[in-house]
Amino acid sequence: MAAVIAGSGAAVAKLLQRPAQGLARCSRQQYLRLRAQHIQPAAARSFTAGRRGLEKKYTEDHEWIDISSPDSASIGISTYAAKALGDVVYVELPVVDTEVKKGDAIGAVESVKSASDIMTPVGGTILEVNSVLEDKPGTVNKSPEGDGWLAKIKVSDAAELEGLMDAEAYRAFTEEVDTK
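Residues numbered from 1 in each chain as written. Predicted model: local features only at pLDDT ≥ 70, side-chain atom pairs only at ≥ 80, totals over all residues. Heavy atoms only, no water.

Draft legend 1. Region of the structure containing the nonpolar core. Formed by 24 residues in total, the largest nonpolar core has its most connected members in I65, I77, V91, V140, L150 and I153. Of all the secondary structure elements, the ones that give two or more residues to this core are β3 (73-77), α3 (79-85), β4 (88-92), β6 (105-111), β8 (124-129) and β9 (151-155). Ignoring any residue separated from it by four or fewer positions in sequence, one finds I65 in contact with E55, K56, K57, A73, S74, I75, P121, V122, I153, V155, L161 and L164. Judged by nonpolar contacts, the second largest core, of 6 residues, contains W64, W149, Y170 and F173. (Core = buried A, V, L, I, M, F, W, Y, C linked by side-chain atoms within 4.5 Å. Buried < 20%, exposed > 50% of the residue type's maximum accessible area, 1.4 Å probe, protein only. Helix = DSSP H or I, 4+ residues; strand = E, 2+ residues; numbered from the N terminus. Contact = heavy atoms within 4.5 Å.)

Take a look at the structure:
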């Protein structure tokens, strides 16, 4: 059996060494015409976006706001807060179309350990709530800074974002809190 396999391997090697005989050849003129007919991919449009608009901002109360969408900003609790709360069993969501000011309580998160109000990091109008959390509040624990977002808000004053921490400053803040 091994001799048959070795023999077929040698036959394949011989075939690969031969020049291709069945392939059609074309003249240079035909080649250039065919090449010109191929649709060229559109040039990628180069633009720069400020890093500032693509990152999350954090509060000292452990809420985050993601302003990457031009129409609305998502609000939720940080991973640090979700771990501190433990297993979330109930989420109170804000009412859509409610006008809020920076620092207003827009809802609450209750866990087996405690309950905590959710404060809005900026003022604006609540556009949407994550209704999935009504049936599956544990989503806040599984993905607090992803699928566990609480509300989307139309920011009324972008200047209010200036006082918030970026990810690096928030990490340093939570490390300082842990050492106390």
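Read on, since the account is not over.
Draft legend 2. Main features of the pattern of salt bridges. Counted under the stated rule, the structure contains 3 salt bridges. As a salt-bridge pair, E168 and R171 come within 2.4 Å of each other at their nearest N and O atoms. In this pair, E168 and R171 are both assigned in helix α6 (residues 167-179), 3 residues apart and thus about one turn of the helix distant. By relative accessible area, which is 49% here, E168 ends up partly exposed. Taking the relative accessible area as the measure of exposure, R171 reaches 38% and is therefore partly exposed. Measuring nitrogen to oxygen at the nearest pair gives 2.5 Å for the salt bridge that ties R171 to E175. Placement of both R171 and E175 in helix α6 is noted, with a separation of 4 residues, approximately one turn of the helix. (Salt bridge = Lys/Arg side-chain N within 4 Å of Asp/Glu carboxyl O.)

Draft legend 3. Representation of the side chain of T139. Turning to its location among the elements, T139 is positioned in helix α5 (residues 139-142). Separated by 2.9 Å, the side chain of T139 and the backbone oxygen of K136 make a polar contact. With sequence-adjacent residues up to four places away left out, T139 is seen in contact with V132, L133, P144, D147 and G148. (Polar contact = N/O pair within 3.5 Å; in protein donor to acceptor, adjacent residues only side chain to side chain.)

Draft legend 4. Layout of the sheet that holds β9. One open sheet accounts for 6 strands, arranged β1-β2-β3-β9-β8-β5; its pairing is antiparallel. The outermost strands of the open sheet, each flanked by one partner alone, are β1 (56-58) and β5 (99-100). Here β1 pairs with strand β2 (residues 63-66) via 3 bridges, running antiparallel. By the bridge assignment, K57 is partnered in β2 with I65. (Pairing = 2+ DSSP bridges.)

Draft legend 5. Up close: a nonpolar patch on the surface. Side chains of V89, Y90 and V112 sit close together on the surface and give an oily, nonpolar patch of about 300 Å² of accessible area. Within the secondary structure, V89 sits in strand β4. (Patch = residues over 30% accessible without salt bridge, like charges linked within 9 Å, V, L, I, M, F, W, Y side chains within 5 Å. Areas by Shrake-Rupley, 256 points an atom, 1.4 Å probe, with all protein chains shown as cover.)

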